[in-house]
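# Residue-level structure breakdown
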Amino acid sequence: MQIIIYDNAQLVAQSAANWVKELINKKTDPVLGLATGSTPISLYKQLVEQHKSNNLSFKNVTTFNLDEYHQIDPVSSQSYRSFMTEHLFKHVDIDVNNTYLPTCAVGENPRTQGLAYEEKIKQQGGVDLQVLGIGANGHIGFNEPTSSLSSRTRIKTLTQQTISDNSRLFKPGEQQPTMAMTMGIGTIMDARYVLLMATGANKANAVKDMIAGGVSAMCPASALQMHENAIILLDKAAASELSDQSYYQWADNENRKLIEHYGYFHNY
Ligand code: PGA
């Protein structure tokens, strides 16, 4: 794991945007894995700014989102499709036909839909860079604790904690889904690079379990310890429970020297 600690959430977003920008500029047909939630909103803001002021083009980009609520109407304001439209898609030059979410509409079979999503990712050559947040319970995507570490895209029942964490996004009286389609942990692990962003003190325990705990289905994000190219971007608050912070900072400085000398090693 490459762990980088920044002074604040804004710098985390800037760094994440640089990773995405590098992929888009480097590859002719980049495949980007996307996440929803409050953490990546500032990343999407940065990307929109880069598109407007620096001509960062999404024309050839294909995207796969981590998850989507089960049986939600995609035009509903609570759907993750609407989230992506609002925060990114409608502001950039992406072809919406190249933007995918793991949907399962009323009358569709979640198993078939999950398999079809996996197939689609494969057809596009796999995900180059998967953006991730982390739940306070250590989930990635909607892979809640006890999810198989080799799971594939499927339907999952959300935990009470996740339902209550996400209730802020629903208006009083509005029906909140309790199930979602999500890429599995195995699906996420297949991405060439994973870029996990965590900000705020409420993530500090999950971050500690992910980095310094054992690999366990009780902390799904800990599976990233087994990923060859996992980049973990933290603000100080999210890193506050880590005992080896000074080592991570020192290693990051040394890495910067290597980059100055050899250039980036990223191999998309
Ligand atoms: P958040 O969610 O960015 O809204 O905190 C992250 C997640 O649940 O993966």
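The structure contained in this document is the topic of the report that follows.

For the rest of this paragraph, the subject is the sheet that holds strand E6 (residues 129–132). Read across the sheet, 7 strands follow the order E1-E10-E9-E6-E2-E3-E5 without closing on themselves; strand pairing throughout is parallel. Each of the sheet's edge strands pairs with one partner strand only, and the pair in question is strand E1 (2–6) and strand E5 (99–100). Two strands pair when backbone bridges link them, and strand E2 (residues 31–34) and strand E3 (residues 62–65) are joined in this way by 4 bridges, in the parallel orientation. Within the sheet, the bridge partner assigned to Val31 lies in E3 and is Thr62.

Applying the stated rule across the entire model yields 9 aromatic pairs. Taking 5.0 Å as the distance between ring centres and 15° as the angle between the ring planes, the aromatic pair formed by Phe64 and Tyr100 counts as stacked. Of this pair, Phe64 sits in strand E3 while Tyr100 sits in strand E5, placing them 36 residues apart in sequence. A relative accessible area of 0% means that Phe64 is categorised as buried.

It is worth spelling out helix H3 (residues 80–87) at this point. The set of residues buried in H3 consists of Tyr80, Ser82, Phe83 and Met84. Contacts made by the buried residues of H3 are with E2, helix H2 (41–54), E3, strand E4 (67–69) and helix H5 (160–166).

Before going further, it helps to examine the site of the ligand. Contacts to the ligand come from Gly37, Ser38, Thr39, Gly133, Ile134, Gly135, His139, Arg168 and Lys203. Contact distances for the ligand include 2.5 Å between an oxygen atom and a side-chain N or O atom of Thr39. Between the ligand and Arg168 there is a distance of 3.1 Å, counted from an oxygen atom to a side-chain nitrogen or oxygen. Its free accessible area being 280 Å², the ligand has 82% of it covered by the protein chains. Of the residues in the shell around the ligand, the class split is 1 nonpolar, 6 polar and 2 charged.

Before going further, it helps to examine a nonpolar patch on the surface. A contiguous nonpolar patch, built from Leu258, Tyr262 and Phe265 and spanning about 350 Å² of accessible area, is present on the exposed surface. Structurally, the position occupied by Phe265 is in the segment after helix H8 (245–262). Assessed through its relative accessible area of 54%, Phe265 is described here as exposed.

Most of strand E9 (residues 193–198) sits out of view: 6 of its 6 residues are buried. Here E9 shows a buried face lined by Tyr193, Leu195 and Met197 and a second buried face lined by Val194, Leu196 and Ala198. Sheet analysis places E6 next to E9, joined by 4 bridges and oriented parallel. Looking at the pairing, Gln130 lines up with Val194 of E9. The sheet contact formed by E9 and strand E10 (residues 230–235) spans 5 bridges and is parallel.

The strand order E4-E8-E7 describes an open sheet built from 3 strands, whose pairing is antiparallel. Each edge of the sheet is formed by a strand with only one pairing partner; in this case those strands are E4 and strand E7 (154–157). Mean inter-strand twist for the sheet, computed between neighbouring axes without regard to direction, equals 30°. As paired elements, E4 and strand E8 (residues 179–182) share 3 bridges and run antiparallel to each other. If you follow Asp67 over to E8, its bridge partner there is Thr182.

Cut-off values and rules
Residues numbered from 1 in each chain as written. Predicted model: local features only at pLDDT ≥ 70, side-chain atom pairs only at ≥ 80, totals over all residues. Heavy atoms only, no water. Pairing = 2+ DSSP bridges. Helix = DSSP H or I, 4+ residues; strand = E, 2+ residues; numbered from the N terminus. Phe/Tyr/Trp six-rings, centres within 6.5 Å; stacked < 30°, edge-to-face > 60°. Buried < 20%, exposed > 50% of the residue type's maximum accessible area, 1.4 Å probe, protein only. Contact = heavy atoms within 4.5 Å. Near = heavy atom within 4 Å. Polar contact = N/O pair within 3.5 Å; in protein donor to acceptor, adjacent residues only side chain to side chain. Areas by Shrake-Rupley, 256 points an atom, 1.4 Å probe, with all protein chains shown as cover. Nonpolar A, V, L, I, M, F, W, Y, C, P; charged D, E, K, R; others polar. Patch = residues over 30% accessible without salt bridge, like charges linked within 9 Å, V, L, I, M, F, W, Y side chains within 5 Å. Salt bridge = Lys/Arg side-chain N within 4 Å of Asp/Glu carboxyl O. Axes fitted to C-alpha atoms, helices over the stretch in contact; angles between N-to-C directions.

Function cannot be inferred from these measures alone, as they are strictly geometric.
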